[in-house]
Amino acid sequence: HVCWDPDGNLLATSSSDKSVRVWQESMDNEWEIVSVLDDAHERSVRCVEWSHDGKMLAVASFDATVTVWLKRCEGNELDWELIATLEGHENEVKR
């Protein structure tokens, strides 16, 4: 699953490698990975979704959890903080 941030500048992608990658187009029109969120899930990441203001990213996984990440920008650097792990589903979480 892929999802654009509300500004259309960042693209979040989910994967069976249990990670989320955040991509951005560089000045020379090449796409580069600007962040990897890979320490929160035990199984494939099924879906990613940005909050309406673009400050948070929700990540759903086959491990029956949803994580919520807070995006912080410091200059040109992106920093992510895991602010919540939502548990309680008995099976994988889908979109």
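Check the entry above for the structure.
Residues numbered from 1 in each chain as written. Predicted model: local features only at pLDDT ≥ 70, side-chain atom pairs only at ≥ 80, totals over all residues. Heavy atoms only, no water.

### Points about the side chain of threonine 65
Step number 1: Within the secondary structure, threonine 65 sits in the loop between β6 (56-61) and β7 (66-74).
Step number 2: On the basis of relative accessible area, threonine 65 is assigned to the buried category, the value being 10%.
Step number 3: Here histidine 41 takes part through its side chain, which lies 3.1 Å from a polar atom of the side chain of threonine 65. (Helix = DSSP H or I, 4+ residues; strand = E, 2+ residues; numbered from the N terminus. Buried < 20%, exposed > 50% of the residue type's maximum accessible area, 1.4 Å probe, protein only. Polar contact = N/O pair within 3.5 Å; in protein donor to acceptor, adjacent residues only side chain to side chain.)

### Some thoughts on the nonpolar core
Step number 1: Formed by 13 residues in total, the largest nonpolar core has its most connected members in Val20, Val48, Trp50, Leu57, Val59 and Trp80.
Step number 2: Sorting the residues of this core by element identifies β2 (10-14), β3 (20-25), β5 (45-50) and β6 as the ones contributing at least two each.
Step number 3: With three residues, β5 is the single largest residue contributor to this core.
Step number 4: Those residues in contact with tryptophan 80 that lie beyond four places of it in its chain are Val22, Ser35, Leu37, Trp50, Leu57, Trp69, Leu70 and Lys71. (Core = buried A, V, L, I, M, F, W, Y, C linked by side-chain atoms within 4.5 Å. Contact = heavy atoms within 4.5 Å.)

### So, empty space enclosed by the protein
Step number 1: Following the criterion strictly, the structure yields one cavity of 30 Å³ or more and no others.
Step number 2: When its volume is computed, the largest cavity comes out at roughly 30 Å³.
Step number 3: Grouping the amino acids of the lining of the largest cavity by side-chain chemistry returns six nonpolar, two polar and three charged. (1 Å grid on protein atoms, 1.4 Å probe; cavity = no way out; pocket = protein on both sides within 12 Å on 5 of 7 lines; lining within 4 Å. Points joined across faces, edges and corners; volume = space filled by probe spheres on them. Nonpolar A, V, L, I, M, F, W, Y, C, P; charged D, E, K, R; others polar.)

### A short note on the layout of surface pockets
Step number 1: Here the largest pocket defines a volume of roughly 240 Å³.
Step number 2: Lining the largest pocket are Asp5, Asp7, Asn9, Leu10, Gln24, Val34, Lys71, Cys73, Gly75, Asn76, Glu77 and Leu78.
Step number 3: Secondary-structure elements contributing two or more residues to the lining of the largest pocket are β7 and β8 (77-86).
Step number 4: Across the lining of the largest pocket, the residue classes tally to four nonpolar, four polar and four charged.

### Digging into the pattern of salt bridges
Step number 1: According to the stated counting rule, one finds two salt bridges in the structure shown.
Step number 2: Between aspartate 17 and arginine 21 there is a salt bridge, with the nearest N and O atoms lying 3.9 Å from each other.
Step number 3: In this structure aspartate 17 comes out as partly exposed when scored by relative accessible area, which is 41%.
Step number 4: For glutamate 81, the salt bridge is made with arginine 72, and the minimal N-O distance between the two is 2.7 Å. (Salt bridge = Lys/Arg side-chain N within 4 Å of Asp/Glu carboxyl O.)

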